[in-house]
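# Inside the fold
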Amino acid sequence: MKDILDDLIALLDSRCRVALARVVEVSGAVPREPGAAMIVTAGGAVIGSLSGGCVEAAIIETAREVMETGMCVSERFGVDDGFAPGLTCGGEIEIVTESVDAERLPLLHELRHGLEVGESLALVSTLSGVPDWALVRPGEPSPWPPIDGDIASRVRAGRSAMAGADRCEPDQSALPRVFVQAFAAPPRMILAGANAFVRALSRTGSQLGYRVTVVDAREVFATPAQFPHAREVVVDWPHRYLCAEAAAGRVDGRTVVCVLTHDPKFDVPMLAAALRAPVAFVGALGSRRTHTDRVARLREEGMTDDQLRRLRSPVGLDLSARTPEETAISIAAQMIAETAGGSGRALNDLDGPIHR
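Small disclaimer: the values here were computed from a predicted structure and weren't measured. (Residues numbered from 1 in each chain as written. Predicted model: local features only at pLDDT ≥ 70, side-chain atom pairs only at ≥ 80, totals over all residues. Heavy atoms only, no water.)

### Some points on unusual backbone geometry
The condition is simple: Under the DSSP-based scheme used, a helix requires at least four consecutive residues in state H or I and a strand at least two consecutive residues in state E, with every element numbered from the N terminus.
Here the residue pair S313 and P314 is connected by a cis peptide bond, since its omega of -5 degrees sits within 30 degrees of zero. Tracing the backbone through its elements, the reader meets P314 in the loop between β15 (311–312) and α10 (324–340). Not every positive phi belongs to a glycine, and H262 is a case in point at roughly 60 degrees. One can find H262 in the loop between β13 (256–259) and α7 (264–276).

### Thoughts on the packing of aromatic side chains
Aromatic ring pairs are reported here in terms of the distance separating the ring centres and the angle at which the planes meet. For clarity, the cut-off: Working definition: a ring pair exists when centres of Phe, Tyr or Trp rings (six-membered ring for Trp) sit within 6.5 Å. Plane angles under 30 degrees give stacked, over 60 give edge-to-face, the rest tilted. Only protein chains enter the calculation, and the probe is 1.4 Å; a residue is then buried if its accessible area is under 20% of its type maximum, exposed if over 50%, and partly exposed in between.
Inspection of every chain in the model, using the stated rule, returns 1 aromatic pair. Measuring from ring centre to ring centre gives 4.9 Å for W237 and F266, while their planes differ by 40 degrees; the resulting arrangement is tilted. Pair noted here: W237 is in the loop between β12 (232–235) and α6 (238–247) and F266 is in helix α7, with a separation of 29 residues, a long-range link. Given a relative accessible area of 6%, F266 falls into the buried group.

### Section: helix α8 (residues 288–300)
Defined as follows: By this rule, a helix spans an expected 1.5 Å times one less than how many residues it contains. Each C-beta atom gives one direction from the helix axis, and the arc is the one those directions make. We call two residues in contact when some of their heavy atoms are within 4.5 Å.
The first and last C-alpha atoms of α8 sit 19 Å apart over 13 residues, in line with the 18 Å expected at 1.5 Å per residue. Within α8, the full set of buried residues consists of R294, V295 and L298. All buried residues of α8 project into a common sector of 100 degrees when viewed along the axis, lining one side. Residues of α8 that are exposed and point over 90 degrees away from its buried face: R289, T292 and E300. Lining the buried residues of α8 we find α7, β14 (281–284), α9 (305–308) and β15. Once α8 finishes, G302 follows within two positions and takes phi at roughly 95 degrees, a positive value.

### Considering the domain arrangement of the protein
Counted only if it meets this: Domain start and stop positions are those given by an automatic or database domain assignment.
Here the protein is described as being made up of domain 1 (2–183) and domain 2 (188–340). Using C-alpha coordinates to define each centre, domain 1 is positioned 36 Å away from domain 2.

### Remarks on the nonpolar core
Convention followed: For the purposes of this section, nonpolar cores are sets of buried Ala, Val, Leu, Ile, Met, Phe, Trp, Tyr and Cys residues that join through side-chain atoms within 4.5 Å.
Within the largest apolar cluster, 25 residues are counted, with the highest numbers of intra-cluster contacts made by I190 and L298. When contributions to this core are tallied by element, the ones reaching two or more residues are β10 (188–192), α6, β13, α7, β14 and α8. Per-element tally for this core: the top contributor is α7, with 7 residues. Excluding residues within four positions of it along the chain, L298 makes contact with V268, L271, A272, L275, M303, L308 and L311. Ranked by size, the runner-up nonpolar core spans 23 residues in total, among them A37, V100, L111 and W133.

### Observations regarding the sheet that holds β10
Backbone-to-backbone hydrogen bonds join strands into a sheet, with any given pair of strands oriented parallel or antiparallel. Note the following rule: When DSSP locates at least two bridges between a pair of strands, those strands are taken to pair.
Judged by pairing direction, the sheet is parallel, and its 6 strands sit side by side in the order β12-β11-β10-β13-β14-β15 without closing on themselves. Strands with a single pairing partner mark the edges of an open sheet, and in this sheet they are β12 and β15. Sheet topology note: the β14/β15 ladder contains 2 bridges and is parallel. Counted as the bridge partner of G283 is R312 from β15.

### With respect to the UniProt feature "domain: XdhC Rossmann" (unreviewed entry) in the protein
For clarity, the cut-off: UniProt positions are given in the numbering used here, feature names are shortened, and annotations may be inferred rather than shown by experiment.
Using the residue numbers shown here, the UniProt feature "domain: XdhC Rossmann" (unreviewed entry) corresponds to residues 189–335. As annotated, residues 189–335 comprises 44% helix and 16% strand, and the C-alpha atoms at either end are separated by 10 Å.

### Describing the environment of H229
Tracing the chain through its elements places H229 in the loop between β11 (211–216) and β12. Separated by 23 residues in sequence, H229 and S206 place their C-alpha atoms 6.3 Å apart. What H229 contacts, discounting residues up to four positions off in sequence, is S202, R203, S206 and V212.

### Details of the side chain of Q181
Using the following cut-off: As used in this structure description, the phrase polar contact means that two N or O atoms lie within 3.5 Å; if the pair is within protein, one of them must be able to donate a hydrogen and the other to accept it, and residues adjacent in sequence are counted only when both atoms belong to side chains.
Following the sequence through the fold, Q181 ends up in strand β9 (residues 178–183). Using a relative accessible area of 2% as the deciding quantity, one classes Q181 as buried. For Q181, the side chain forms a polar contact with the side chain of R22, separated by 2.9 Å. Residues contacting Q181, with those up to four places away along its chain left out, are M1, R22, G35, L121, A122, L123 and S160.

### A look at the confidence of the model for the protein
Note the following rule: In predicted models, pLDDT denotes the confidence assigned by the predictor to each residue on a 0 to 100 scale.
Put simply, the protein has an average pLDDT of 90, and 92% of its residues get 70 or more. Within the protein, no element has a lower average pLDDT than helix α4 (residues 148–157), which sits at 86, and none a higher one than β13, at 98.

Following this line, the structure appears as structure tokens:
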């Protein structure tokens, strides 16, 4: 939903009545995850997608219905059998479509602000009649006390999922069925250096949802104008900055660090700091000769074999990348594969499900 939030707010600001359709539950191989959203306007315009084109036409018809009645509609779509809308990938999804008007604006503005400042929060909504909405942050109670524990666990995990419907209690029918659309604080990408490769990777990282920080000790190069896609541009020695962030608890097991300085006096201390920090990925750009020299210098800094095994250098997958933009894709692809447990191999060389 994050990708259509600005459009939704703009339409409601202009007093348009729209329908919002969201994927709330999935099973098997599916094209989109819970939380994928699509807007349908009263004029029939569509923003966003739910399934890559498999069921959108049916949802447009549902959208017209909910804009007339004001009541939400839940629909399940399974395998496409040639007669009814369905998925070609073999999975199953549930989509809830509801009418949305300007009364939702205060909450949506609060949601957008929370996302802009990097909060962890969730939009929780009931799934029958005219849905109730609430924003819930970690540690906060919800308006539905009987299922607070279910909601809280999903908010803490940053995982969008149903809550309340899977509890095996005698009075379960009295429990509300809600969808928790969780928005975890964005993971961090810390890039050491100030050059064209950093500029390209900062843009790719931002597109992937990272909060990107560029850090370099050279004030003349490290400017916000040079790196418009970075959340922060910091003038400091990279290793000193990273050590301070780690000490303050602002890096964690989702943080990725990439060193693209090409200068031992910057990259060796930064890599040593990164390899000691609890981060998900540490990479460094450079040739194999540079890597050999860098490893020798890191051993002199006291790095152990276990720590050095965490270093991805030369960083990136073998895409025959040449330009900064191609190199950024190569590096980002390796980050995704390693942090998500992928192999980095071509899908047509593998067997089994594409989405684990």
